[in-house]
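# A structural walkthrough
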Amino acid sequence: MLIDQHVEIGESSKLLTTSDASRLAIRSGNNNASIRSQSFGTAAAFANEGSGNSFGVATGINRVELANNIEFSGANTLLESAGTVSVENLNAPDLLAFSLGIAGSASQKNTSTGKTTSLAGVGSYAQNIAELKTDILFDSIDRVDAGGAVFFRNRERADIEADAGGLTLALAATATGTSPTASVGVGAAIAINQIGSPRESSTSINITDTEIIAADGDINVQARSKSQIDALAYSGALAGSRGNGLSVSLAGAGSQASNEVRQDVIVSVEGTSALTTTASGDIDVGATNKNEVLADAGGVSVALALGLAANSATSGAVGSGVATNNVGSTSNLSSTSVLIGLSLIHI
């Protein structure tokens, strides 16, 4: 899915205000994009005189590219205000990938001479793959000229969540011997967020070959990312068996939650650009990354076996959870930086 919101002010455009109390404001905001992928999988089986088997799978995947950009270009393009000049950009999408799988299996045999088997397995997978572009670009325009202050603010505030859950139940029982009774339950859940895939996400302000003047105020240029990125995965398995004689019960549950974030937060002032304030105005240029990244995983497993009179009972349970966060990588690092090259800053 591609969502591209673009404000472009091009060659020879002139945006002018003449009152000292005026404000020249250019805004772009993407704060209503709510993208949901929800999946439920269920399976159940019951056998009265033999074996029962059930398997369930649930998958929820979001793959999106969200761009929200403001671009100024052209040598004759002019932004001029007797008051203030403000350029504000906000990208705040809400992404949720949710999957839940439930499987149950039960088998019984009332007059046994042998085998009763019950199997249940479930898998749940949730994933967000997102590339977020939130950029403001000044490319070789004439100038930005304000009688008051100048504000450039570029913000990303995404809420991204991947939730996966898997629950399985397996029961096997015989009323009278002879031997085996078996029950197996397996549950798995995986939740993954990949932000900046396949290309890095960016929150940036780029000023190239552009003059910016604040005659009676500050120049404030800020790029900021403050997103919430959560991956949650939980799984549970219960296996129980009862028989007169050998009774076997196995249960296994595993979950994995991971976040991979590759994002640049950059402010760059390059080329022949000049930032000038008078009347004791300040110049404040900054890039901030305050993303909150959480990975949570848990696995619970319970196995019960009861052999009764003819002895023998076997029971096993395994539960595991793995949670990882990878912000940047050895080959593709995330960065937060302010770059100023071959430019003039006058106060």
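One structure accompanies this document, and this report is about it. (Residues numbered from 1 in each chain as written. Predicted model: local features only at pLDDT ≥ 70, side-chain atom pairs only at ≥ 80, totals over all residues. Heavy atoms only, no water.)

### A look at the overall build of the protein chain
Per the secondary structure count, the protein chain includes 0 helices and 25 strands. Taking all 347 residues of the protein chain together, the buried fraction comes to 50%. (Helix = DSSP H or I, 4+ residues; strand = E, 2+ residues; numbered from the N terminus. Buried < 20%, exposed > 50% of the residue type's maximum accessible area, 1.4 Å probe, protein only.)

### Quick notes on the sheet that holds strand β11 (residues 150–156)
Spatially, the 5 strands line up as an open sheet ordered β3-β7-β11-β16-β21, and their pairing is parallel. If you trace the sheet from one side to the other, it starts and ends with β3 (23–30) and β21 (283–289), each paired once. Here the average twist between neighbouring strands, direction ignored, is 0°. Note that β3 and strand β7 (residues 84–91) share 8 bridges and pair parallel. Looking at the pairing, Gly29 lines up with Leu90 of β7. (Pairing = 2+ DSSP bridges. Axes fitted to C-alpha atoms, helices over the stretch in contact; angles between N-to-C directions.)

### As for the pattern of salt bridges
Overall, the coordinates contain 6 salt bridges when judged by the stated rule. The salt bridge involving Arg23 is made with Glu88; its shortest N-O contact spans 3.0 Å. Of this pair, Arg23 sits in strand β3 while Glu88 sits in strand β7, and the two are 65 residues apart along the sequence. By relative accessible area, which is 43% here, Arg23 ends up partly exposed. Glu88 sits in the buried class, given a relative accessible area of 16%. A salt bridge links Asp94 to Arg36; the shortest N-O distance between them is 3.0 Å. (Salt bridge = Lys/Arg side-chain N within 4 Å of Asp/Glu carboxyl O.)

### Comments concerning the environment of Gln263
Summarising the element assignment, Gln263 is placed in strand β19 (residues 263–270). Spatially, the C-alpha atoms of Gln263 and Ser201 are 4.6 Å apart, while their sequence positions differ by 62 residues. Among the polar contacts listed, one links the side chain of Gln263 to the side chain of Glu156, at a separation of 2.7 Å. At 3.3 Å, the side chain of Gln263 forms a polar contact with the side chain of Ser225. (Polar contact = N/O pair within 3.5 Å; in protein donor to acceptor, adjacent residues only side chain to side chain.)

### Side note on a nonpolar patch on the surface
On the surface, Leu169, Leu171, Leu238, Val300, Val302 and Leu304 cluster together into a nonpolar patch covering about 470 Å² of accessible area. Where the nonpolar patch is concerned, the elements lending two or more residues are β12 (159–174) and β22 (292–306). With 3 residues, the single largest contributor to the nonpolar patch is β22. Checked against the element boundaries, Leu171 lands in strand β12. For Leu171, a relative accessible area of 38% puts it in the partly exposed group. (Patch = residues over 30% accessible without salt bridge, like charges linked within 9 Å, V, L, I, M, F, W, Y side chains within 5 Å. Areas by Shrake-Rupley, 256 points an atom, 1.4 Å probe, with all protein chains shown as cover.)

### Some details on the packing of aromatic side chains
Under the criterion given, the structure shown has 3 aromatic pairs. Measuring from centroid to centroid gives 4.7 Å for Phe72 and Phe138, while their planes differ by 5°, and the two rings are stacked. In this pair, Phe72 sits in strand β5 (residues 52–73) while Phe138 sits in strand β9 (residues 117–139), placing the two residues 66 residues apart along the sequence. Taken as a pair, Phe72 and Phe138 share a single burial class, namely buried. (Phe/Tyr/Trp six-rings, centres within 6.5 Å; stacked < 30°, edge-to-face > 60°.)

### Comments concerning the sheet that holds strand β17 (residues 228–242)
What the 5 strands build is an open sheet, ordered β4-β8-β12-β17-β22; its pairing is parallel. Both outer strands of the open sheet, β4 (34–47) and β22, are each paired with one neighbouring strand and no more. For this sheet, the mean inter-axis angle between neighbouring strands, taken without regard to orientation, is 0°.

### Structural notes on the pairing of strand β6 (residues 78–81)
Relative to β6, strand β2 (residues 14–17) runs parallel, the two being bridged by 4 bridges. Residue pairing for β6: Leu16 is matched across the bridge by Glu80. Bridge count for β6 against strand β10 (residues 143–146) is 4 bridges, and the pairing is parallel. Across the sheet, Glu80 pairs through a bridge with Asp145, a residue of β10.

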